[in-house]
Amino acid sequence: MRKYLSLLILLVMSLGASAQKFAFMDTEYVLKHLPEYKSSLTQIDGLSKQYQKEIEQQFVEVDRLYKAYQADQILLTDEMRKRRENEIVEKEMKAKELQRVKFGPEGDLFQMRTKLLKPIQEKIATTTAEIAKSKFIDFVFDKSSESSMMIYVNSAYDISDDIIIKLGFKPGTLAP
């Protein structure tokens, strides 16, 4: 649906202003040609496997403690039972916390992925803008994304300030 909407927008824009030039690119295709991208993916994959192994070891330890607890449960006093149960719960919580720290939305793996891939993405965006300007292209779309995302737009076609003025506000002054 998004792809068709993007194509419809592209068609309307091209009919409305025939002097504008459009182009597309395939980011996935470009990335496959960059050695630093492949290297980054290898690093990320290695780190992911290392983190997964650490987490699995902690969960194996939790499982071992739980099985030992089940085997000894009959012989334990209430106080000993509670202490072992608390130890198991605490170890499981630590394992889950480690999992969140390593693989969570703001976790170590996400941060490393951002650190390694952001410079590559910026390099592609800069190069795309340079090529678009040199070939007098006004809009560049990425065909590899499902929504046909715009990668480059000639700022001459930005009407954001006009909209802000029409709404009765001053461009450059952000709302409190």
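Shown above is the structure to which this text applies.
Residues numbered from 1 in each chain as written. Predicted model: local features only at pLDDT ≥ 70, side-chain atom pairs only at ≥ 80, totals over all residues. Heavy atoms only, no water.

1. Comments concerning the packing of aromatic side chains
Move 1: Here the structure, examined in full by the defined rule, presents 3 aromatic pairs.
Move 2: Summarising the aromatic geometry, the rings of Phe22 and Phe139 are spaced 5.2 Å apart at their centres and angled 15 degrees between planes, so their arrangement reads as stacked. Remark: Phe139 occurs in strand S2 (residues 139-142) and Phe22 occurs in strand S1 (residues 22-25); sequence separation between them is 117 residues.
Move 3: Taking relative accessible area as the criterion, Phe22 reaches 25% and is therefore assigned partly exposed.
Move 4: Measuring from ring centre to ring centre gives 6.5 Å for Phe22 and Phe141, while their planes differ by 25 degrees; the resulting arrangement is stacked. Note that Phe22 is positioned in strand S1 and Phe141 in strand S2, a separation of 119 residues in sequence.
Move 5: The exposure class of Phe141 is buried, given its relative accessible area of 9%.
Move 6: Ring pairs connect the aromatic residues Phe22, Phe139 and Phe141, which therefore count as one cluster. (Phe/Tyr/Trp six-rings, centres within 6.5 Å; stacked < 30°, edge-to-face > 60°. Helix = DSSP H or I, 4+ residues; strand = E, 2+ residues; numbered from the N terminus. Buried < 20%, exposed > 50% of the residue type's maximum accessible area, 1.4 Å probe, protein only.)

2. Things to note about unusual backbone geometry
Most peptide bonds adopt trans geometry, and most residues besides glycine take a negative phi value.
Move 1: If you check the backbone angles, Phe136 has positive phi at about 55 degrees while not being a glycine.
Move 2: Position of Phe136 relative to the elements: it lies in the loop between helix H5 (108-134) and S2.
Move 3: Here Phe136 falls in the exposed class, since its relative accessible area comes to 65%.

3. A few points about the nonpolar core
Move 1: Membership of the largest hydrophobic core comes to 17 residues, with the highest contact counts inside it found for Leu31, Leu34, Tyr37, Ile120, Ile124 and Val140.
Move 2: For this core, the secondary-structure elements that each account for two or more residues are helix H3 (35-72) and H5.
Move 3: Setting aside residues up to four positions removed in sequence, Leu31 forms contacts with Tyr37, Ile120 and Ile124.
Move 4: With 5 residues, the next largest nonpolar core counts Val62, Tyr69, Leu76 and Ile88 among its residues. (Core = buried A, V, L, I, M, F, W, Y, C linked by side-chain atoms within 4.5 Å. Contact = heavy atoms within 4.5 Å.)

4. Notes on the environment of Val140
Move 1: Secondary-structure assignment places Val140 in strand S2.
Move 2: A relative accessible area of 5% places Val140 in the buried class.
Move 3: Between the C-alpha atoms of Val140 and Tyr152, which are 12 residues apart in sequence, the distance is 5.0 Å.

5. Re H5
Along an α-helix, residues three or four positions apart point the same way, because every turn accommodates 3.6 residues.
Move 1: End to end, H5 covers 39 Å across 27 residues, agreeing with the expected 39 Å (1.5 Å per residue, within 8%).
Move 2: Most pronounced at Leu117, the bend in H5 amounts to some 35 degrees, and the proline Pro119 follows within four residues.
Move 3: Among the residues of H5, those classed as buried are Leu109, Leu116, Leu117, Ile120, Ile124, Thr128, Ala129 and Ala132.
Move 4: Looking one or two residues past H5, Phe136 carries a phi angle of roughly 55 degrees, positive in sign. (Expected span 1.5 Å × (residues − 1). Bend = angle between axes of the 7 residues up to and from the residue.)

6. Overview of the environment of Arg84
Move 1: With respect to the helices and strands, the residue Arg84 is situated in helix H4 (residues 78-103).
Move 2: With 18 residues separating them along the chain, Arg84 and Tyr66 place their C-alpha atoms 8.6 Å apart.

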